[in-house]
Amino acid sequence: MLSVLARLEGRSIFQPANATSQWLHGENAGHVRVADAKHTLLGYCTHHLSAIFWALPFEAWLSADRSGKATFTLRKAAITAAIAYLVD
């Protein structure tokens, strides 16, 4: 979806993934318009590992409550997403 939005803004479809590599390459990483291992692969891996990182405590939290109610799951997902937003 980020690639589609980038294209609609007149940017390269690779810029959203490249921007995620800014933790290593600085703020200019998001301006790189081509796919390369240095920016795109690192950005993709960073994003993927971040998703796994936040999924682990969420899954542990879900397994602690066996009620299985959708409202509890949605609430926990929203809380986890909010914490991830604040921390990341």
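What you see is a predicted model, and the numbers here were worked out from it, not measured in a lab.

Parameters and conventions
Residues numbered from 1 in each chain as written. Predicted model: local features only at pLDDT ≥ 70, side-chain atom pairs only at ≥ 80, totals over all residues. Heavy atoms only, no water. Patch = residues over 30% accessible without salt bridge, like charges linked within 9 Å, V, L, I, M, F, W, Y side chains within 5 Å. Areas by Shrake-Rupley, 256 points an atom, 1.4 Å probe, with all protein chains shown as cover. Salt bridge = Lys/Arg side-chain N within 4 Å of Asp/Glu carboxyl O. Helix = DSSP H or I, 4+ residues; strand = E, 2+ residues; numbered from the N terminus. Phe/Tyr/Trp six-rings, centres within 6.5 Å; stacked < 30°, edge-to-face > 60°. Buried < 20%, exposed > 50% of the residue type's maximum accessible area, 1.4 Å probe, protein only. Expected span 1.5 Å × (residues − 1). Arc of directions from axis to C-beta. Contact = heavy atoms within 4.5 Å.

1. Looking at a nonpolar patch on the surface
- A surface patch of nonpolar side chains, amounting to about 670 Å² of accessible area, comprises Trp61, Ile79, Ile83, Tyr85, Leu86 and Val87.
- The biggest single contributor to the nonpolar patch is helix H5 (residues 70–87), with 5 residues.
- One can find isoleucine 83 in helix H5.

2. Some words on the packing of aromatic side chains
- Going through the model one piece at a time under the given rule, you end up with 1 aromatic pair.
- Here phenylalanine 53 and tryptophan 54 contribute two aromatic rings whose centre-to-centre distance is 5.0 Å and whose plane-to-plane angle is 90 degrees, an arrangement assigned as edge-to-face.
- Here phenylalanine 53 falls in the exposed class, since its relative accessible area comes to 51%.
- You can call tryptophan 54 buried: its relative accessible area is 15%.

3. Re H5
- Taking 1.5 Å per residue, 18 residues should reach 26 Å; H5 reaches 25 Å between its end C-alpha atoms and fits that length.
- Taken together, the buried positions of H5 are Lys76, Thr80 and Ala84. Seen along its axis, H5 keeps its buried residues to an arc of 75 degrees; they face one direction. Of the residues in H5, the exposed ones pointing more than 90 degrees away from the buried face are Ala70, Thr71, Leu74, Tyr85 and Leu86.
- Residues of H5 that are buried in the fold lie against helix H4 (37–64).

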